[in-house]
Amino acid sequence: MLFIDDSVQMEYKLLIGNNFIFGNPKNIYYKDSHLFGIDEDMDGPYINTELFDLKGSKIVEIKKNYVLLCNTKLDKKVLKRDHILILDKNGEIIIESRVFAKDTIIISGNFIVNGEVLIITQNYILLPDGKRIMHSKVTTNNNSAVLITENGIIPKT
């Protein structure tokens with residue numbers, strides 16, 4: 001008889017703004033504000049997040065890569081388990097989550113933190129003050145959280 005241990009996790013990596021985060025990162029923060037969480041199941045890694053507008057109203061809610069809430073002013077371009085793409089009326093990415101080869105998840109989007117906009121593109125992270133963060137390689141400590149700072153991405157203690 002063959003037994004499969006579901007508790008064994010595949011290692012996945014997160015790619016945000018040309019920054020690689022290895023070691024199954026679970027939560028991403030900026031200035032102690034939670035941007036998004038990542039977990040995995042048999043279908044691979046997935047994102048959980050809530051996005052707000054500048055007025056503080058929730059405009060998007062995603063659980064396990066499924067869009068539960070999306071403001072009607074936004075364009076739900078792609079809604080699949082392995083690829084979510086939501087755009088604003090000007091065609092700018094509000095949130096994109098893509099899973100590649102079940103071991104890499106790429107996240108980009110606009111995150112409002114204390115009235116400021118943090119932009120994560122596929123090429124860099126743009127901080128509210130205009131500084132760009134890119135080309136970091138960070139390994140989390142056993143599924144821990146990471147913090148985006150003015151000096152790069154670091155494990156959150």
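The structure we're discussing is the one just above.
Throughout what follows, the structure given in this document is the object of discussion. Values in this document were obtained by computation on a predicted structure and should not be read as measured data.

Quick look at the overall build of the protein now. Scanning the protein from N- to C-terminus turns up zero helices and 17 strands. Relative to the globule expectation of 15 Å for 157 residues, the C-alpha radius of gyration of the protein, 15 Å, shows essentially globular dimensions. In terms of overall dimensions, the protein has C-alpha extents of about 55 × 35 × 25 Å along its principal axes. The buried share of the protein, taken over its 157 residues, is 44%. Here the analysis covers contacts within the protein between residues at least 6 apart in sequence; of these, 40% occur between residues at least 24 apart. Here the protein has roughly 8800 Å² of accessible surface; of this, 50% comes from carbon and sulfur atoms. Charged side chains in the protein number 19 positive and 20 negative. The centres of these two groups are separated by 4 Å.

Our next topic: the environment of Ile86. Positionally, Ile86 belongs in strand E9 (residues 83–87). In this structure Ile86 comes out as buried when scored by relative accessible area, which is 0%. Taking C-alpha positions, Ile86 is 4.6 Å from Lys76, a pair spaced 10 residues apart along the chain. Apart from the residues within four sequence positions on either side, Ile86 is in contact with Val60, Val67, Cys70, Leu74, Asp75, Lys76, Glu92, Ile93, Ile94 and Ile95.

This brings us to the sheet that holds strand E7 (residues 66–70). As a general point, the strands of a sheet are linked pairwise by backbone hydrogen bonds and lie either parallel or antiparallel. A sheet is described by the order of its strands in space; here seven strands give the open sequence E7-E6-E5-E4-E3-E16-E17, paired in mixed fashion. Edge positions in the sheet fall to E7 and strand E17 (152–155), since each has one partner strand and no second. The average angle at which neighbouring strand axes cross in this sheet is 20°, direction not considered. Sheet analysis places strand E16 (residues 145–149) next to E17, joined by four bridges and oriented antiparallel. Bridge pairing links Leu147 to Ile154 in E17.

Here the phi dihedral of Asn18 falls at roughly 65°; this positive angle occurs in a residue that is not glycine. With respect to the helices, strands and loops of the structure, Asn18 is situated in the loop between strand E1 (13–16) and strand E2 (19–22). With a phi close to 60°, Asp32 is a non-glycine residue in the positive phi region. Inspection of the secondary structure assignment puts Asp32 in the loop between strand E3 (27–30) and strand E4 (33–41). Classification of Asp32 by relative accessible area gives exposed; the value is 59%.

Criteria and cut-off values
Residues numbered from 1 in each chain as written. Predicted model: local features only at pLDDT ≥ 70, side-chain atom pairs only at ≥ 80, totals over all residues. Heavy atoms only, no water. Helix = DSSP H or I, 4+ residues; strand = E, 2+ residues; numbered from the N terminus. Rg over C-alpha atoms; globule rule 2.2 N^0.38 Å. Buried < 20%, exposed > 50% of the residue type's maximum accessible area, 1.4 Å probe, protein only. Contact = heavy atoms within 4.5 Å. Areas by Shrake-Rupley, 256 points an atom, 1.4 Å probe, with all protein chains shown as cover. Lys, Arg positive; Asp, Glu negative; His and termini not counted. Charge placed at Lys NZ, Arg CZ, Asp CG, Glu CD. Pairing = 2+ DSSP bridges. Axes fitted to C-alpha atoms, helices over the stretch in contact; angles between N-to-C directions.

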